[in-house]
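Chain by chain, the residues run as shown.
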Amino acid sequence: MKKTLFASVLAAAAAVSSAAQYEIDPFHSNARFEIDHFGTSSNVGGIYRVSGMVHFDAAAKNGSVEAVLPLANLQSGSDEFTRHLKSDGLFNAEKYPEMRFVSDRFIFNGKKVSAVQGKLTLLGQTHPVTLKATKFNCYMNPMSKTEVCGGDFSAVIDRTKWGMDYLVSAGMAKNVKIAIQIEAAKK
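Our subject in this report is the structure included herewith. (Residues numbered from 1 in each chain as written. Predicted model: local features only at pLDDT ≥ 70, side-chain atom pairs only at ≥ 80, totals over all residues. Heavy atoms only, no water.)

### As for the nonpolar core
Alright, step 1. Phe56 and Phe91 are the most contacted members of the largest nonpolar core, which totals 43 residues.
Alright, step 2. The biggest single contributor to this core is strand 11 (residues 175–186), with five residues.
Alright, step 3. Not counting residues up to four positions away in its chain, the partners in contact with Phe91 are Phe33, Leu71, Leu74, Leu85, Lys86, Tyr96, Met99, Leu122, Leu123 and Met164. (Core = buried A, V, L, I, M, F, W, Y, C linked by side-chain atoms within 4.5 Å. Buried < 20%, exposed > 50% of the residue type's maximum accessible area, 1.4 Å probe, protein only. Helix = DSSP H or I, 4+ residues; strand = E, 2+ residues; numbered from the N terminus. Contact = heavy atoms within 4.5 Å.)

### What about the state of the cysteines?
Alright, step 1. Scanning all chains against the criterion turns up one disulfide.
Alright, step 2. Shown here is the disulfide that connects Cys138 with Cys149, its sulfur atoms set 2.0 Å apart. Given an S-S torsion of about 110°, the disulfide between Cys138 and Cys149 has right-handed geometry. Here the residue Cys138 occupies a position in strand 9 (residues 125–140), and Cys149 occupies one in strand 10 (residues 147–158), the gap between them amounting to eleven residues. (Disulfide = S-S within 2.5 Å.)

### Digging into unusual backbone geometry
Trans peptide bonds make up the majority, and among non-glycine residues the majority have a negative phi.
Alright, step 1. Even without being glycine, Lys61 reaches a positive phi, approximately 55°.
Alright, step 2. Relative to the elements of secondary structure, Lys61 occurs in the loop between strand 4 (51–57) and strand 5 (62–70).
Alright, step 3. Non-glycine residue Asn92 carries a positive phi angle of around 45°.
Alright, step 4. The topology assignment puts Asn92 in the loop between helix 2 (79–86) and strand 7 (98–109).

### Observations regarding the side chain of Ser103
Alright, step 1. If you trace the backbone, Ser103 turns up in strand 7.
Alright, step 2. On the basis of relative accessibility, which here comes to 4%, the residue Ser103 falls in the buried class.
Alright, step 3. Within polar-contact distance, the side chain of Ser103 engages the backbone nitrogen of Arg105 at 3.1 Å. (Polar contact = N/O pair within 3.5 Å; in protein donor to acceptor, adjacent residues only side chain to side chain.)

Spatial relationships are all this shows, so hold off on functional conclusions.
Set out below in structure tokens:
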């Protein structure tokens, strides 16, 4: 059994290592969030200039991704609310300057990526998250003549799993909708 498991791990590693490497384009990648604000409206914000690497092999139907979300680039509709979001009661950007999403499991529906299973690190804690692909495509960029792959991904997470409990006891929602747009250029 141990030999079979070891062989499976080696085969998976070899498959990912033969995948093409893509660099996440920070100008075409971002992560946004939306949370219900006491049943009256939704608070929204985003993290911009996402960076990282993607390994992708469409023929073998596998891939991996590591995306870095810098909290210095967290923004909302106002400077005051952005400062509040970055405070130690919420994202605690001074102590935890970035979030990370790391995955080595792409789920396919036919030839298309339908989801990416991975782990999200926020506030120093790491928990599993499955991002569902609402759109995914690869194309040849007409300007750079480089293959670009990317898509729109979404999930709903329970923020309290990462220790973000701000105002939950007062009735604020703990579920947060996240939407991530990623484009990555082949290296």
